[in-house]
Amino acid sequence: MSTTQTSTETAQLSLTGGAIRHALSDVVKADDWSDFKFTPIRESTVSRAMTSRYFKDMDKYAVADVIIIGAGSSGLSAAYVICKNRPDLKVVCIESNVSPGGGAWLGGQLFSAMIMRKPAHLFLDEVNVPYEDEGDYVVVKHAALFTSTVLSEVLKFPNFKLFNATAVEDLVTRPAGSNGEVTAAGVVTNWTLVTMNHDTQSCMDPNVIELAGYQDDGSRDESAKHGVILSTTGHDGPFGAFTAKRIVQIDGNQTVAGMKGLDMNHAEAAVVKMSGEYKGVGNVYFAGMESATLHGLNRMGPTFGAMAVSGIKAADEILKHFAA
Ligand code: AHZ
């Protein structure tokens, strides 16, 4: 039998053994629900409560210090590390799907358990996700336990905003040198449902989130740290590797190498090592399986240590950028 208690200024709710007692207002007396009611509300109040906050967030995060593209296991792990260490940075995550989490709701195929090779279990310790210790690797009883825990931790940070059901359609770029070099200065966004229907509707222009550190005329504000983009859109697929594919068009010197076959032992460390800053176009970092697609690394299949650790590594580089 468990006891859960929440309290507000006006009421205390006590859940014990199936009997719900509303201690102060006596709404439910002796299991008699016939007079049960909620506090009153107008429909327009609900609309305003949602939309005012959403648009306030859009306003607040129109300029961001860190823009994370994709809320899969690598993106969420990175978000956790950045938000925890730098509560002063504005961190926004754009996720094209309605449900954040990417491929980390299942361990592999349709199986529930999630495998992480050591030392990635240290991240599980940090976020308090329990696991079975099998020696060289650990097992979380359901991948959804990992994803929902990291997601809820990240969402609780006051400096983090998730815009889900929103797709990144392009990068904002600015000149960054006399030889045609460019730097990424933001992302171009749209509702995913709009992104999916550009071909069937008349022009629906997108929206933009700009990186911090630029002036009104687009030039760098040298007195401020410039913001960064961390792309974690997963491996090549219908939506995946979005930024990798776009960035090599922008940076004509590079190509998307494409993900190689599955090799668990080599793939995980390689993804971690190759995650981090992208040298071609300024202000862009990669983590997770998008790094594998960009750099031609093996995939690892259903073992998630590299997703957490590559997110941590990219986050560490980003923290160093802001600390310098
Ligand atoms: O919806 C995508 C997913 O949630 C999102 N995404 C992709 N393109 C986007 C775009 N705008 C906004 N243009 C976008 N969001 O990015 C997220 C990627 O999550 P993921 O779980 O696919 O990637 P990950 O690298 O974090 O984790 C990969 C997990 C895998 S795949 C794999 C294998 O195939 O071998 N093994 C592992 C562990």
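Residues numbered from 1 in each chain as written. Predicted model: local features only at pLDDT ≥ 70, side-chain atom pairs only at ≥ 80, totals over all residues. Heavy atoms only, no water.

Going by the annotation in an unreviewed UniProt entry, the name recorded for the protein is Thiamine metabolism- protein, with Maudiozyma exigua given as the source organism.

Peer 1: I'd like a rundown of the sheet that holds strand β9 (residues 137-140), residues and numbers included.
Peer 2: If you walk across this open sheet you meet the three strands as β7-β9-β8, and the pairing is antiparallel. With partners counted over all chains shown, the strands left at the sheet margins are β7 (114-117) and β8 (132-133), one partner each. The pairing of β8 with β9 spans two bridges and is classified as antiparallel. The residue bridging Asp133 from the neighbouring strand is Val138, located in β9. (Pairing = 2+ DSSP bridges. Helix = DSSP H or I, 4+ residues; strand = E, 2+ residues; numbered from the N terminus.)

Peer 1: Talk me through the site of the ligand; I want residue IDs and the actual numbers.
Peer 2: Taken together, 27 residues are adjacent to the ligand, and Ser74, Glu95, Gly103, Arg299 and Gly301 come closest. The separation between a nitrogen atom of the ligand and a polar main-chain atom of Ser96 is 3.0 Å. In the model, an oxygen atom of the ligand is placed 2.7 Å from a nitrogen or oxygen of the Gly301 main chain. Notes on the ligand: free accessible area 800 Å², of which the protein chains cover 91%. Looking at the shell around the ligand, the elements that each hand over two or more residues are α2 (73-85), β6 (91-95) and β11 (166-175). Per element, the largest residue contribution to the shell around the ligand is three residues, and it comes from β11. (Near = heavy atom within 4 Å. Polar contact = N/O pair within 3.5 Å; in protein donor to acceptor, adjacent residues only side chain to side chain. Areas by Shrake-Rupley, 256 points an atom, 1.4 Å probe, with all protein chains shown as cover.)

Peer 1: Talk me through helix α9 (residues 305-323); I want residue IDs and the actual numbers.
Peer 2: In this model α9 runs 27 Å from its N-terminal to its C-terminal C-alpha over 19 residues, within 8% of the 27 Å that 1.5 Å per residue would give. Buried residues of α9: Gly305, Ala306, Met307, Ala308, Ser310, Gly311, Ala314, Ala315, Ile318, Leu319, His321 and Phe322, and no others. (Expected span 1.5 Å × (residues − 1). Buried < 20%, exposed > 50% of the residue type's maximum accessible area, 1.4 Å probe, protein only.)

Peer 1: Run through the sheet that holds strand β12 (residues 182-191), naming residues and quoting values.
Peer 2: Remark on secondary structure: sheet strands pair via backbone hydrogen bonds, oriented parallel or antiparallel. The strand order across the open sheet built from four strands is β4-β13-β12-β11, with neighbouring strands paired in mixed fashion. Edge positions in the sheet fall to β4 (63-64) and β11, since each has one partner strand and no second. Running over the sheet, helix α6 (residues 242-250) touches β11 and β12 and is turned about 25° from β11. (Contact = heavy atoms within 4.5 Å. Axes fitted to C-alpha atoms, helices over the stretch in contact; angles between N-to-C directions.)

Peer 1: I'd like to hear about the pattern of salt bridges, residue by residue, with values.
Peer 2: Under the defined criterion, the tally for this structure stands at 13 salt bridges. Of the charged contacts in the structure, one is a salt bridge between Glu317 and Lys313, with a shortest N-O distance of 3.7 Å. With Glu317 and Lys313 both in helix α9 and four residues apart, the pair spans about one turn of that helix. (Salt bridge = Lys/Arg side-chain N within 4 Å of Asp/Glu carboxyl O.)

Peer 1: Can you lay out the side chain of Thr233 for me, pointing to particular residues and giving the numbers?
Peer 2: Topologically, Thr233 is positioned in the loop between β14 (228-231) and α6. The exposure class of Thr233 is buried, given its relative accessible area of 19%. Engagement of the side chain of Thr233 in a polar contact is seen with the backbone nitrogen of Phe242, the distance being 2.9 Å. When neighbours within four sequence positions are excluded, Thr233 is seen to be in contact with Ile69, Gly240, Ala241, Phe242, Thr243 and Glu290.

Peer 1: So what's going on with unusual backbone geometry? Residues and values would help.
Peer 2: Looking along the chain, the bond that leaves Lys118 and enters Pro119 is cis, with omega of 15°. Position of Pro119 relative to the elements: it lies in the loop between β7 and α3 (121-127). Despite not being glycine, Gln109 has its phi angle at roughly 50°, a positive value. For Gln109, the position within the fold is in the loop between β6 and β7. We note that Ala165 has phi near 55°; this positive angle belongs to a residue other than glycine.

Peer 1: Describe the UniProt feature "transmembrane region" (unreviewed entry) in the protein, naming the residues involved and giving the relevant values.
Peer 2: On the UniProt side, "transmembrane region" (unreviewed entry) is annotated at positions that read residues 61-82 here. Segment residues 61-82 splits into 45% helix and 27% strand. End C-alpha atoms: 16 Å apart. (UniProt positions renumbered as here; feature names shortened; annotations may be inferred.)

Peer 1: Summarise the state of the cysteines; cite the residues concerned and give the values.
Peer 2: Applying the stated criterion across every chain, the model contains zero disulfides. With no disulfide of its own, Cys83 lies 9.6 Å from the sulfur of Cys93, the closest cysteine sulfur. With a relative accessible area of 1%, Cys93 lands in the buried category. (Disulfide = S-S within 2.5 Å.)

Peer 1: For the nonpolar core, give the residues involved together with the corresponding values.
Peer 2: In terms of nonpolar packing, the biggest core is built from 51 residues, with Val66, Met116 and Phe160 touching the most fellow members. When near neighbours in sequence (up to four residues on either side) are disregarded, Met116 contacts Leu124, Tyr137, Val138, Phe146, Phe304, Gly305 and Ala308. (Core = buried A, V, L, I, M, F, W, Y, C linked by side-chain atoms within 4.5 Å.)

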